[in-house]
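Each chain, letter by letter, is given below.
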Amino acid sequence: MRRDDVRFAAAARDDGMRKISKYTWRAGAAGVVCSAVIAVAFGHHVATQPPTAVHTGNGASNSSSGLSGGGASSSNTSGSSTSGSGTNGSGGSTTNQGQGTIVVPAQPPAPANGGGQVVSGAS
Amino acid sequence: MTTLAVGSDTFSVFGTTATLLVSEPGQVAAARVIADAELAAVDLACSRFRPDSELSRLNAAGGAVTTVSELFADLLEAALRAARLTDGDVDPTCGQALAEIGYDRDFAELRAAQAQAAGSPEAGGPPHRLRRAGHVPGWHSVQLDRGQRQVRLTHGAQLDLGATAKAWAADRCAEIIAGRLGSGVLVSLGGDMAVAGPAPGGGWRVRVTDDHAAGPEAPGQTVTIRSGGLATSSTTVRTWTGSGGQRVHHIINPATGEPARSCWRTVSVAAGSCVDANTASTAAIIRSAAALPWLRDAGLPARLVRGDGSVETTAGWPRDPGPDDAA
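Structural notes, computed from the coordinates.

Each value, and the rule that gives it
Residues numbered from 1 in each chain as written. Chains lettered and ligands numbered in written order. Predicted model: local features only at pLDDT ≥ 70, side-chain atom pairs only at ≥ 80, totals over all residues. Helix = DSSP H or I, 4+ residues; strand = E, 2+ residues; numbered from the N terminus. Buried ≥ 20, exposed ≤ 12 C-beta atoms within 10 Å, placed from the backbone. Contact = placed C-beta atoms within 7 Å. Core = buried A, V, L, I, M, F, W, Y, C linked by C-beta atoms within 7 Å. Expected span 1.5 Å × (residues − 1). Pairing = 2+ DSSP bridges. Axes fitted to C-alpha atoms, helices over the stretch in contact; angles between N-to-C directions. Parallel < 35°, antiparallel > 145°, perpendicular 65-115°, else oblique. Left-handed = near helix turned anticlockwise from the far one by under 90°. Nonpolar A, V, L, I, M, F, W, Y, C, P; charged D, E, K, R; others polar.

1. Here's the deal with the overall build of chain A
Within chain A one finds 1 helix and 5 strands. Along chain A, helices (α) and strands (β) appear in the sequence α-β-β-β-β-β when read from the amino end. Counting every position in chain A, which comprises 123 residues, the buried fraction comes to 28%. Residue pairs in contact within chain A that sit at least 24 positions apart in sequence constitute 12% of those at least 6 positions apart.

Right under this line is the structure:
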């Protein structure tokens, strides 16, 4: 092989390597930009996850929300009774309104005759 | 069945009628004082029609984080709980949808405006138009940090706590009155009622019907309750005329942003609290036919009235009386 052939081959190889390196960097940079765009476009969905609360038996609750900087923050509250909830403890078979079901009454309505002392209807 | 005499008081609040029944007649005045204070506080916290309310301030905050009172946080927490328990059927972010169908002012003012427009020769129709489906971003758009008492509304959400706040207030009043006075009490706010303390002999007699203002002998059914709450939702009462001349009502289906189309005209539910009863009755209207198995599975006693007046009951609700009593 002539010396010129060797030189041109080496130059072509170096040129190819430069191109591969350049495109690799560009692809990487494009990936970073795309990631940033996706994060900006859809990141708020993470921030808007509903607050979750786990109530303990004594009314204390641990709640988390996405208020702080889009991330989850947690706080402890004690005795944050949703006051109307348990309705004095005699309302239902379960009195902790924080539980994950609609609370059934301690006893169903009983039949009665005649008019009522008060009317339940829509307003 | 004998029922001991009870004291009673009726007054206007939240654009509707409130009734207090107290098992000790001499304590009615004291109960009224307590109720007035509590209801005024709730109104100031979450009225959609008062510019000075916390709710109005939050709706106008443009998505900024807003610090709220303990009371408002309680009310919002109850609303979000109702949304969670009904898979979003009872949604507190219906404020804009309600405004878009014309319910953008106190209902008495809305009715007066409609009556005025109807009587005006130049009026081409009611003052509000039913446009495309309203905007209901969904309860996930509400961020509540309960510990810090901070709230942020995203996606343009506008709150309306009407579905739960009235019932929650009834629970709260009943609980406080019974606790302070030691007597049995029933608090009815526009027909959504909570009871607390010892019930009178025979229980509290309640006439269940379409309209809370209809009177104790209105077509329906009389039952007694001793604890918890009882609430009724209906598509027949809080109604007005849309732009096309159609009647619209205030129970929004969040999935469509429009008034719910239901096979039930009225649903009454008994539950462990008034807010739970109201949550279930409102969701039942929205769920239409699917409400019946849902209420049965949940074990909630309910009375559901179809458009033609036929009645279904669930979970121990007493069977409807004969036509003499129902008609």
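So, next bit.
2. Thoughts on the overall build of chain B
Check the secondary structure of chain B and you find 9 helices and 17 strands. A buried classification covers 55% of the 327 residues belonging to chain B. In chain B, the share of contacts with a sequence separation of at least 24, taken over all contacts with a separation of at least 6, comes to 61%.

3. Things to note about the nonpolar core
Residue and element names in this part refer to chain B. Counting 97 residues, the largest nonpolar core has Val185, Val187 and Ala284 as its most contacted members. When residues in this core are grouped by element, the largest group, 11 residues, is from helix H6 (residues 162-181). Residues within four places of alanine 284 in sequence aside, it is in contact with Trp264, Val267, Val269, Ala291, Leu295, Ala302 and Leu304.

4. Re helix H7 (residues 274-287) of chain B
All names here are of chain B. Taking 1.5 Å per residue as the helical rise, H7 with its 14 residues ought to reach 20 Å, and the 20 Å between its terminal C-alpha atoms agrees with that figure. Here H7 lies mainly inside the structure; 14 of its 14 residues are buried. Backbone geometry just downstream of H7 places serine 288 in the positive-phi region, at approximately 55°.

5. Some words on the pairing of strand E8 (residues 204-211) of chain B
Residue and element names in this part refer to chain B. Of all 8 residues in E8, 7 are buried, a share of seventy percent or more. By the bridge criterion, 5 bridges tie E8 to strand E9 (residues 221-225) in an arrangement that is antiparallel. The residue of E9 that forms the bridge with arginine 207 is threonine 222.

6. Looking at the environment of Leu75(B)
Residue and element names in this part refer to chain B. Structurally, the position occupied by leucine 75 is in helix H3 (residues 70-85). Along the backbone, leucine 75 and aspartate 211 are 136 residues apart, and their C-alpha atoms lie at a distance of 25 Å. The residues touching leucine 75, leaving out its near neighbours within four places in the chain, are Ala45, Cys46, Leu161, Ala165 and Trp168.

7. A look at the pairing of strand E10 (residues 228-234) of chain B
Residue and element names in this part refer to chain B. Extensive coverage of E10 is indicated by the burial of 7 of its 7 residues. What you see with E10 is no split at all: Gly228, Leu230, Thr232 and Ser234 on one side and Gly229, Ala231 and Ser233 on the other are buried throughout. In this sheet, strand E15 (residues 264-271) lies alongside E10 in antiparallel orientation, the contact comprising 6 bridges. Across the sheet, the residue bridging to alanine 231 is valine 269, located in E15.

8. Section: the sheet that holds strand E5 (residues 118-122) of chain A
Across the sheet, 4 strands lie side by side as E4(A)-E9(B)-E8(B)-E5(A); this open sheet has mixed pairing. Looking at which strands have only one partner, the edges of the open sheet turn out to be strand E4 (110-111) and E5 of chain A.

9. Describing the sheet that holds strand E1 (residues 7-13) of chain B
Strands pair in a sheet through their backbones, by hydrogen bonds, and they do so in one of two ways: parallel or antiparallel. All names here are of chain B. With respect to topology, 8 strands assemble into an open sheet ordered E1-E2-E6-E7-E10-E15-E16-E17, the strand pairing being antiparallel. Either end of the sheet is taken by a strand with one partner, and the two such strands are E1 and strand E17 (311-314). Going from strand to strand, the sheet's axes swing by 10° on average, the running direction of each strand aside. In the packing of helix H1 (residues 28-46) onto the sheet, contacts are made with E1, strand E2 (16-22) and strand E6 (185-189), and the angle to E2 comes to roughly 140°. Where H7 meets the sheet, it contacts strand E7 (192-196), E10, E15 and strand E16 (302-306), and its direction lies at approximately 155° from that of E15.

10. Side note on the packing of H3(B) against H6(B)
Residues and elements named next belong to chain B. H6 packs onto H3 with a crossing angle of 120° between their chain directions and a minimal axis gap of 9 Å. For the element pair H3 / H6, the angle class is oblique. Between H3 and H6 lies a crossing of right-handed hand. On H6, the residues that touch Leu75, Ala78, Ala79 and Ala82 of H3 are Ala163, Thr164, Ala165 and Trp168. Here the residues of the contact of H3 with H6 are counted per class, giving 7 nonpolar, 1 polar and no charged.

All quantities given are derived from atomic positions and should not be read as evidence of function.
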